[in-house]
Structure formats: C-alpha cells, structure tokens
Amino acid sequence: MKAPFPRLRLHLLALLCVCFLDGALAQAPDASRFPTRPIRMIVPFPPGGSNDILARFIAQKMSERLPQQTIVDNRPGADGIIGTELAARSPADGHTVLIISISYTMNPAIHKLPYDPVKAFAPIGQIASGPNVICSHPSFAAQNVKDLIALARAKPGELRYATSGIGGVNHFQGELFNQMAKVKLVHVPYKGGGPSMLDVMTGQVEVVFGTLIQALPHIRSGKLKPLGVGSQKRSPLLPQVQAIAETVPGYDGNIWWGVLAPAGVPGPIVNKLNSELNAILREPEMAKRLTAEAAEPVIGTPEAFGKLVVNDIAKWSRIAKESGIRAE
C-alpha cells in the first residue's frame, strides 16, 4: 500500500522541475521579440544641439528597423545630469536608452553626481566622433600649432584662448593642450561658442578652442584661420590643416557621441541594440548626416565603447585636478 507514494513524489518532483524551467524560460530575455513596446531615447540636453540631432536621426532609423517606435525624450538641465539620472533610474529592460557625448566623462571631474557614471550604465555603442579645432584671427602671427607653441613659450601667460565656458568640453581640451604642449595659454570663458569665436574674429582674444562644426563656416568665409584640428589624423573637411597630434604626439581632442542603457540590461538585448546601431551607422545616409556635423561614424562593440568611457573619465579627472578646473 506504500508503494504509490514514492512514485507520487517522483511525479511531483518532475512537475516542480517543469514549472521551474517554464518560469526560467519566461524570465529569460528573448532578443528576437525585443522591443515589445516603444523605446524611449533620453537626450539630456535641449533640442537643436548635436546630441539631439543625432538622436532624432537614429530614432527615426530604429523605428523603421524595429517593430516598435523609438521616441526621443529631451530632459535637459545641470550639464546633462538631470536626464542622465532619469535614465539611470529607469527599468533595465532595454526600452530606455541614453544618448551621451564626451561631456558625460567630464562631469565626474567637476560635479558631485547622483549616479555612478561607470556602474549605473551598460554601454551599447559609440555613434561617432569629430574633432575640435584651434583657430585665430587671420592676422595672428602663428600659421600652425608649431608656431603657436613657439609664441606661447616666448610669451608665457600672455596669449589667451577663448572657449564656450568654464568646465565645458573645449575648456578641458584647452587645458589638455596646455599640459601636453608644455605652454600656458590663459583661459577666457564665454557664454557659448558663438561669442567666443566672435571675439577671436575681431581680434580681442588670440585663439579659440571650438568644435569644427561651429568654426567651419567662419573658416570658409576667411574670418577665422585654422591652426590645427584635434583628431588623430587630418579632417577630410580641412585636409590642408595639420592635426594637432602631428606637433603634439598623442593629443586627442575628439568629441564623441554614444548610447548607454541602465545597468542590468540582459546581454542579448544589449547585443541586439548594438547590432541595430551599427547597421544604421553603415547606411550612406548616416555618413552624409554625420559629415554635415563634421563627424564620422564609429562602428564597434559595447566593450570598446565601455573602455572609452572608463578611460576618458580617468583622463579628464586628472586634467581637472592638475589644471584646477571647477564648475561655475
């Protein structure tokens, strides 16, 4: 009479195993079905800037490629920190992503952040990169970076460089130049890239560190003279202008953009988002759009982008500490 009970226990055990496996499979990420609802692409800056322009183009292409829409959500404020914190607190299911630029890696050096910039996010992939540029008034004595360094060493602390503001991308890049070229150009901050370039065009300040996209119209009109571009190689938009690295080996003044997701997004979904992003970057239309922003697409892995973020956080923290850069 006791024989059936062991068999009953075996049946119950088998049933429990089946239920457990069913539950595990139900919870396992199915990248082939992703996304199951619209993707929110948070841009932590106002509409109209480079982050927003790239985000809207990528969102449009993702909406065409995936079964759900990708919607851009601008959440500006506090140098991008407000929107970034919102993204960090979002569910880690791949349906929220964050567009960042190089300033993301500079914020930890000058701000107390409500999130860990490395641990709070999973890298998806880099989008693009484009150089900064050093420009002067056409009458300025220097014709290139080598001349600028010679003048700066002959007149230590007398030459000035303008940027769009204290603690901004070009302030960091200017201080990187000071350290690597072993010169002391004096920083003159402005409220935006336009005013900083205007004072150089009128001869009020010797040189300006700015983005190539902002400076290019003034270079082409002859109002600004380019001395060097901050990429590792010459820009196809200004092939006659030397890269700063040709005179200052290792100088990297590239500005970049990329995509993050909240930490904990399952690996298969991270890989699918990366694959979709790279497919978009390979499209000729995307290359044309990036050229208009004086940038080039960067196709790569989440791991490569994660390494770039970590390395740049360390790099800019060191530059801020050694140069005394502080937020306004």
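Just so it is clear, the structure is predicted and the values come from calculations on it, not from any experiment.

## Concerning the pattern of salt bridges
Taken as a whole, this structure holds 12 salt bridges when the rule is applied. Ionic pairing is found between Lys61 and Glu64, a salt bridge with its closest N-O pair at 3.7 Å. Taken together, the positions of Lys61 and Glu64, both in helix α2 (residues 50-65) and 3 residues apart, correspond to about one turn of that helix. Classification of Glu64 as exposed rests on a relative accessible area of 53%.

## Observations concerning the layout of surface pockets
Reported here for the largest pocket is a volume of approximately 1,000 Å³. Listing elements by their share of the lining of the largest pocket, those giving two or more residues are α2, α4 (103-110), β4 (121-136), α6 (169-181), α8 (212-220) and β9 (254-262). In terms of residue count, α4 provides more of the lining of the largest pocket than any other element does, 4 residues in total. Looking at side-chain class alone, the lining of the largest pocket contains 20 nonpolar, 18 polar and 4 charged residues.

## Topic: the packing of α6 against helix α11 (residues 302-323)
Closest axis-to-axis distance for the α6/α11 pair is 10 Å, and the angle between their directions is 75°. With respect to their mutual orientation, α6 and α11 come out roughly perpendicular. Facing α6, whose interface residues are Phe172, Gln173, Glu175, Leu176 and Gln179, α11 presents Lys315, Trp316, Arg318, Ile319, Ala320, Glu322 and Ser323. When the residues that make up the contact of α6 with α11 are grouped by side-chain class, the tally is 5 nonpolar, 3 polar and 4 charged.

Definitions and cut-offs
Residues numbered from 1 in each chain as written. Predicted model: local features only at pLDDT ≥ 70, side-chain atom pairs only at ≥ 80, totals over all residues. Heavy atoms only, no water. Salt bridge = Lys/Arg side-chain N within 4 Å of Asp/Glu carboxyl O. Helix = DSSP H or I, 4+ residues; strand = E, 2+ residues; numbered from the N terminus. Buried < 20%, exposed > 50% of the residue type's maximum accessible area, 1.4 Å probe, protein only. 1 Å grid on protein atoms, 1.4 Å probe; cavity = no way out; pocket = protein on both sides within 12 Å on 5 of 7 lines; lining within 4 Å. Points joined across faces, edges and corners; volume = space filled by probe spheres on them. Nonpolar A, V, L, I, M, F, W, Y, C, P; charged D, E, K, R; others polar. Axes fitted to C-alpha atoms, helices over the stretch in contact; angles between N-to-C directions. Parallel < 35°, antiparallel > 145°, perpendicular 65-115°, else oblique. Contact = heavy atoms within 4.5 Å.

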